[in-house]
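Here is how the chains run, residue by residue.
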Amino acid sequence: MIMKKLLITIDGPAGAGKTTVSRTLADRLGYRYIDTGALYRGVAYEVKSQGVNPKSETELADLCRRLQLGFKTEAKGLRLYSGETDISDRIRTPEISMLASSVSAIAVVREYLLDVQRDIGHRKEAVFEGRDMGTVVFPAADVKFFLNASLTTRALRRYEELKSESDQSLDTVEKDMQRRDTNDSTRSLAPLKPADDAIVIDSNDLSVQEVVDRMLSYIFAKG
Ligand code: DC
């Protein structure tokens, strides 16, 4: 039983299993689950649908001033809204994945989303999933995890996930993932890396339940 209200962060590369693990962990704790990648995808989606030039800081700054991205918890789970429109089902395509990775390297986008994320986090009792949760957005988080797995494992998982909706081959999925990994971990702003005080978990040979149980044991020790 946890006594304190905790803020928990889970960072890691694409396909490491963060989403399932974060959602399961949040359920077990009765906490909110916040998928911050969805916010970057939301920006990318609006960039595409409004015809914004993703390389122009000025155009992106203008877009971010107008944007109203936010989450609502509904019967279907966590939904991402842009203004009054539920865009959750439009942000998971390979094109939006790549565009999200490229706009996430731009300062104005990160600044806009920093405020959005901290605003959601101030009540604690949440599991935040992302790339820079423990390093930049919530450096004082109560428990920080970094979930990792090999590129081959991660690509295979993503391929299985996308199989029914996309005709991308395993090889293409793996190459896209490698490109995104390089983008996300070599950018100068908030690059993907474990926080100094993060607990690193390798999910290669662990089931979701085993990862969650391991996390819970660290959390209970803290709470
Ligand atoms: O977790 P995801 O695959 O939905 O994230 C999409 C992209 O958004 C990812 O390639 C990098 C970026 N991102 C980020 O820069 N910082 C975060 N906290 C979450 C995602």
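Structure's up top.
None of these values were measured; they are calculated from a predicted model.

Let us look at the sheet that holds strand β4 (residues 77-82). Spatial ordering of the open sheet is given by β3-β4-β5, a layout of 3 strands whose pairing is antiparallel. Lying at the two open borders of the sheet, with one neighbouring strand each, are β3 (69-74) and β5 (85-86). Inspection of the sheet shows β4 paired to β5 by 2 bridges, in the antiparallel sense. Paired with S82 across the two strands is T85, which belongs to β5.

Moving on: the side chain of E46. Along the chain, the position of E46 falls in helix α2 (residues 36-49). Within the buried core, E46 has no salt-bridge partner, and the shortest N-O distance to an opposite charge, that of R90, equals 6.9 Å.

All right, on to the packing of α2 against helix α4 (residues 94-103) then. With their axes 8 Å apart at the nearest point, α2 and α4 run at an angle of 105° to one another. The orientation of α2 with respect to α4, classified from their angle, is roughly perpendicular. Counted together, Y40, R41, V43, A44, Y45, V47 and K48 of α2 and E95, I96, S97, L99, A100 and V103 of α4 form the full contact between these two elements. Counted by class, the contact of α2 with α4 contains 9 nonpolar, 1 polar and 3 charged residues.

Close to the ligand lie 16 residues, the nearest being R41, R110, R131, D184 and R187. Separating an oxygen atom of the ligand from a side-chain N or O atom of R41 is a distance of 2.6 Å. At 3.0 Å, a side-chain N or O of D132 approaches a nitrogen atom of the ligand. Against a free-state accessible area of 440 Å², the protein chains account for coverage of 97% of the ligand. Of all the secondary-structure elements, those providing two or more residues to the shell around the ligand are α2, α4 and α8 (170-186). The element that contributes the greatest number of residues to the shell around the ligand is α2, accounting for 4 residues. Looking at the shell around the ligand residue by residue, the classes come out as 3 nonpolar, 5 polar and 8 charged.

So, how was this worked out
Residues numbered from 1 in each chain as written. Predicted model: local features only at pLDDT ≥ 70, side-chain atom pairs only at ≥ 80, totals over all residues. Heavy atoms only, no water. Pairing = 2+ DSSP bridges. Helix = DSSP H or I, 4+ residues; strand = E, 2+ residues; numbered from the N terminus. Buried < 20%, exposed > 50% of the residue type's maximum accessible area, 1.4 Å probe, protein only. Lys, Arg positive; Asp, Glu negative; His and termini not counted. Salt bridge = Lys/Arg side-chain N within 4 Å of Asp/Glu carboxyl O. Axes fitted to C-alpha atoms, helices over the stretch in contact; angles between N-to-C directions. Parallel < 35°, antiparallel > 145°, perpendicular 65-115°, else oblique. Contact = heavy atoms within 4.5 Å. Nonpolar A, V, L, I, M, F, W, Y, C, P; charged D, E, K, R; others polar. Near = heavy atom within 4 Å. Polar contact = N/O pair within 3.5 Å; in protein donor to acceptor, adjacent residues only side chain to side chain. Areas by Shrake-Rupley, 256 points an atom, 1.4 Å probe, with all protein chains shown as cover.

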